[in-house]
Number of protein chains: 2
Amino acid sequence: MSPKPAHFNLFLHGAGHHKAAWRAPDSSADQLADLGWYEEIARIAERGLLDAVFLADGQSISITGVEDGPMWHFEPLTLLTALSRATERIGLVSTVSATFYAPFHAARLLASLDRISGGRLGWNVVTSMFDAEAQNHGMEAMPPHAVRYGRAEEFVDVVTRLLDSWPEDSLVVERDGRYVDGSRLAPLEHVGEHFAVRGPLNVPRPPQGRPVLFQAGSSEQGRDLAARRAEAIYAVAYDLAAGQEYRSDVRARIAAAGRDPDSVAVMPGLVTYVGSTMAEAREKQAALDELLPVEDSLRQLAVFTQQDTSDWELDAPVPELPPLEAFTGPQGRYATILRIIESERPTVRQLLGRLAAGGGHCTMVGTPESVADEIERWLDRGGADGFNLMPPALPASLEGFVDQVVPELQRRGRFRTAYEATTLRGYLGLEVPEPVRAPSSPSSAR
Amino acid sequence: MSPKPAHFNLFLHGAGHHKAAWRAPDSSADQLADLGWYEEIARIAERGLLDAVFLADGQSISITGVEDGPMWHFEPLTLLTALSRATERIGLVSTVSATFYAPFHAARLLASLDRISGGRLGWNVVTSMFDAEAQNHGMEAMPPHAVRYGRAEEFVDVVTRLLDSWPEDSLVVERDGRYVDGSRLAPLEHVGEHFAVRGPLNVPRPPQGRPVLFQAGSSEQGRDLAARRAEAIYAVAYDLAAGQEYRSDVRARIAAAGRDPDSVAVMPGLVTYVGSTMAEAREKQAALDELLPVEDSLRQLAVFTQQDTSDWELDAPVPELPPLEAFTGPQGRYATILRIIESERPTVRQLLGRLAAGGGHCTMVGTPESVADEIERWLDRGGADGFNLMPPALPASLEGFVDQVVPELQRRGRFRTAYEATTLRGYLGLEVPEPVRAPSSPSSAR
């Protein structure tokens, strides 16, 4: 059996995923309002034969403040539509909030963009998290976690059925008869807890049938929703052990849901610093870390750790911290901090840098060969089916990956040497799904 | 004083605005799912230096049924985003439903597309009308007219303030300091009857400040909303007298609202059949009319007129109909039918053709010179500031206008000979509006 090839998305964000990347003298910070810059980045990713460009999204300005770096200059569906015209093959994945989007709007935008892009679209369904987002959509605060996941499950179901409701074979175009065979349309007549949608959709089913459904759940409910519905998964895994734990857990859930785990690529986030020597790679990392405004970062670290950090020395090791059980703030980030300290023994400045680039995501620092080694180890030991690349600085870190790591993986037979299909489904080995017809509604056009 | 130049949009719809256009053997009916076809049409409109491509929208399949012709294959905002990449100068106007869109989503999509297009966007705000649309958005039926207009007014206000809430001068990009000056952001803290939106928007203000606001109200409330807010108006005017009545009424309302009527272009819909002789133009019209499926059309006419049309002879004059006062069905369309009969004395087939192409909109049939004469008459006698072109067949009728009528108008000094600006605001002589700051919220970033 030939070794398993990898999948890679470019998670495109600001001037790069390192929070201080925009502060570099030669950074892209001044170009982030220019579409041409995003087109250039997407073309680099396509030159590297990556599976897709992946965009996050949110419904408010940054909740940590707008002053310390770029968030968004474009809405993701319109930006990806534009990028679909500047590229020919690469997939395009947009985050869509199940908490705030009406399913009819979402289905229509997705169907339209899948058609415009010739079948290259994916949608990453999320439940939004922040009250600041709720307050832009008529609510005072976020609904509880369980309600958001209930809504997300119904949202995915309704959008899916809307996408199925106008099959392309209904477009008969009989010039002396009917344009559409209305009897083939399948209204939903959906009345659920969160949505009431009659259907059918008012645009025909797109080339991929449905855009590829990404999901990124880490909670119990999130993992179960992913197991039932996701066609690809964006995960958070700090190291190989965490990747293995997550992937084997979610694969078991996928199998329990009656689906084939091998059909669902699990793709953790990955930050890479690549140099021709390990020293050069470390220099690149250090150069970004040194751009961090130290006082602000230390103040933030004081909040994250509930410690007085004011007398911590930047280039000394991080002082010992209390165990997780003794911590009374949000557990997730504190657990990550403890893990970074335990495994990397960083200086204070290095810890700030790690938190500023990818946070709890995996970071690989090294030569093209050593990074390719690490990637192979993740693939072969069940930690990942590929990665959602989070370049710390754009375009430089992406170019480093595309021009140095990709050729190394290609030499080893672990990555495609040409796009072997024309749709995102094709790249991920997924079939176009058969439309699910609503059982209760055999007809018809209105 | 030099004569007033005209404005023209291309109202892009299906294979053309004549309902039977898709039935012609050489029609575009098979290409309507292909983006390339729309790109070709938009480029023809740009070759003709038209102000904008204009798209309608609706939130359900055609309420008259999907069998008798194409409606939509794309969602308008994504389609216009794609068209912005296939053109360089022409404006792009999308219809947006105030009844169904959340203002935060709408503002963000509009700001993003205005930026992507380099300042070429317009938005045509409508209140949706049909229960079939409401049923795709969680309602059982449409809200009453007054509620829809109340919502539309608040929607325009909130979207406008969202577009103003993140002025571009707040992007300071100080590499050793702040990326955004948060003190320049202006949250709305809006709590109204229909919406509660805190703001600010999470993308910066776009090149035009706000996309150009089109409106198309004919009711009292619609005219008043247009008078207070619209920057351009899409109107329905069957003939010059109707155009004059509408335009002078709406200009008086604009003045009463404290605005300059000369700044708001009133653009009625216009169907043109152009030939090198009048006979050739009439042949083009007859050729489309003859494609109408007669039995269906007669059946529809029976509903519209409440008459038994089954023994009407197609090529005989329309039999006399009861006066408007005696009619118990929907008045608007019946009034149009009576007006067409009175002014054109059509045969039954000609009446069916008129109703099938543009309905109550103005139709001009003739040579480039005679059509240009008519257009000049409308401009000079206060019937219009330009027209929303509704080509009966695409691309042929559009090419006829662009290649024959446009040069004639240019020779007469009544139409631009080059784009004299780079934004839709520029073509329409509109300034970029100053941002309105929310009075209650002097700060700040979250």
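Residues numbered from 1 in each chain as written. Chains lettered and ligands numbered in written order. Predicted model: local features only at pLDDT ≥ 70, side-chain atom pairs only at ≥ 80, totals over all residues. Heavy atoms only, no water.

### Overview of the environment of R223 of chain B
Residue and element names in this part refer to chain B.
Here is step 1: Note on placement: R223 falls in helix 6 (residues 220–229).
Here is step 2: Sequence-wise, R223 and Y246 are 23 residues apart; in three dimensions their C-alpha atoms are separated by 9.2 Å.
Here is step 3: Beyond its immediate stretch of four places on either side in the chain, R223 contacts G217, S218, E245, Y246, D249, V250 and R253. (Helix = DSSP H or I, 4+ residues; strand = E, 2+ residues; numbered from the N terminus. Contact = heavy atoms within 4.5 Å.)

### What to know about the pattern of salt bridges
Residues and elements named next belong to chain A.
Here is step 1: One pass over the structure, following the stated rule, counts 72 salt bridges over all chains.
Here is step 2: Residue E376 pairs with R412 through a salt bridge whose shortest N-O separation is 2.8 Å. Linking E376 in helix 12 (residues 368–380) with R412 in the loop between helix 13 (396–411) and helix 14 (424–427), this pair joins segments that are 36 residues apart in sequence.
Here is step 3: Residue class for E376 comes out buried when judged on its relative accessible area of 18%. (Salt bridge = Lys/Arg side-chain N within 4 Å of Asp/Glu carboxyl O. Buried < 20%, exposed > 50% of the residue type's maximum accessible area, 1.4 Å probe, protein only.)

### Considering the side chain of E75 of chain A
Here is step 1: Within the secondary structure, E75 of chain A sits in the loop between strand 2 (52–55) and helix 2 (76–86).
Here is step 2: Here E75 of chain A is buried and forms no salt bridge, its nearest opposite-charge partner R108 of chain B lying at an N-O distance of 5.4 Å.
Here is step 3: Side-chain polar atoms of E75 of chain A contact the backbone nitrogen of L77 of chain A, separated by 3.1 Å.
Here is step 4: A polar side-chain atom of E75 of chain A sits 2.6 Å from a polar atom in the side chain of T78 of chain A. (Lys, Arg positive; Asp, Glu negative; His and termini not counted. Polar contact = N/O pair within 3.5 Å; in protein donor to acceptor, adjacent residues only side chain to side chain.)

### Focus on the relation of the copies chain B and chain A
Superposing the two chain copies requires a rotation about an axis and a translation along that axis.
Here is step 1: For the match of chain B to chain A, the screw axis carries a shift of 0.0 Å, the RMSD comes to 0.1 Å, and the turn is 180°. Taken together, the rotation angle and the small translation identify this as a two-fold axis.
Here is step 2: Both copies present the same face, since 100% of the interface residues in chain B are matched by interface residues at the equivalent positions in chain A. (Least-squares fit on C-alpha atoms with pLDDT ≥ 70 in both.)

### What about the interface of chain B and chain A?
Here is step 1: Across the contact, 74 residues belong to chain B and 74 residues belong to chain A.
Here is step 2: Counting across the interface, chain B meets chain A through six salt bridges.
Here is step 3: Here D30 of chain B and R175 of chain A are joined by a salt bridge, their closest N and O atoms 3.2 Å apart.
Here is step 4: Between chain B and chain A we count 38 residue pairs in polar contact (both at pLDDT 80 or more) in total.
Here is step 5: Breaking the side of chain B that touches chain A down by element, the ones donating at least two residues are helix 1 (35–47), helix 2 (76–86), helix 3 (103–116) and strand 6 (196–197) of chain B.
Here is step 6: Broken down by element, the residue count for the side of chain B that touches chain A peaks at seven residues, all from helix 3 of chain B.
Here is step 7: Residue classes in the side of chain B that touches chain A are distributed as 36 nonpolar, 22 polar and 16 charged. (Nonpolar A, V, L, I, M, F, W, Y, C, P; charged D, E, K, R; others polar.)

### Looking at the packing of helix 3 (residues 103–116) of chain A against helix 5 (residues 145–164) of chain A
Residues and elements named next belong to chain A.
Here is step 1: Axis separation between helix 3 and helix 5 bottoms out at 9 Å; the angle between their running directions is 50°. Overall, the two elements helix 3 and helix 5 adopt an arrangement that is oblique. Where helix 3 crosses over helix 5, the two elements pack in a sense that is right-handed. Only F155, V158, V159, L162 and L163 of helix 5 make contact with helix 3, whose side of the interface consists of P103, F104, A106, A107, L110 and A111.
Here is step 2: Residue classes in the contact of helix 3 with helix 5 are distributed as 11 nonpolar, no polar and no charged. (Axes fitted to C-alpha atoms, helices over the stretch in contact; angles between N-to-C directions. Parallel < 35°, antiparallel > 145°, perpendicular 65-115°, else oblique. Left-handed = near helix turned anticlockwise from the far one by under 90°.)

### Quick look at the side chain of N124 of chain B
Residues and elements named next belong to chain B.
Here is step 1: Residue position: N124 is located in strand 4 (residues 121–126).
Here is step 2: For N124, a relative accessible area of 2% translates into the label buried.
Here is step 3: For N124, the side chain forms a polar contact with the side chain of T95, separated by 3.0 Å.
Here is step 4: Among all residues touching N124, those that are not within four sequence positions of it are F54, V93, S94, T95, V96, F214, Q215 and A216.

### Side note on the packing of aromatic side chains
Here is step 1: Counted under the stated rule, the structure contains 30 aromatic pairs over all chains.
Here is step 2: Between Y38 of chain A and F74 of chain A, the aromatic rings sit 5.2 Å apart at their centres with planes inclined by 80°, giving edge-to-face as the arrangement. Here F74 of chain A lies in the loop between strand 2 and helix 2 and Y38 of chain A lies in helix 1 (residues 35–47), a separation of 36 residues in the sequence.
Here is step 3: Residue Y38 of chain A is classed as buried on the basis of its relative accessible area, which comes to 6%.
Here is step 4: The interplanar angle of 85° and the centroid separation of 5.8 Å between the aromatic rings of F11 of chain B and Y234 of chain B together place this pair among those described as edge-to-face. With F11 of chain B in strand 1 (residues 7–11) and Y234 of chain B in strand 8 (residues 232–235), this residue pair connects regions lying 223 residues apart in the sequence.
Here is step 5: By relative accessible area, which is 13% here, Y234 of chain B ends up buried. (Phe/Tyr/Trp six-rings, centres within 6.5 Å; stacked < 30°, edge-to-face > 60°.)

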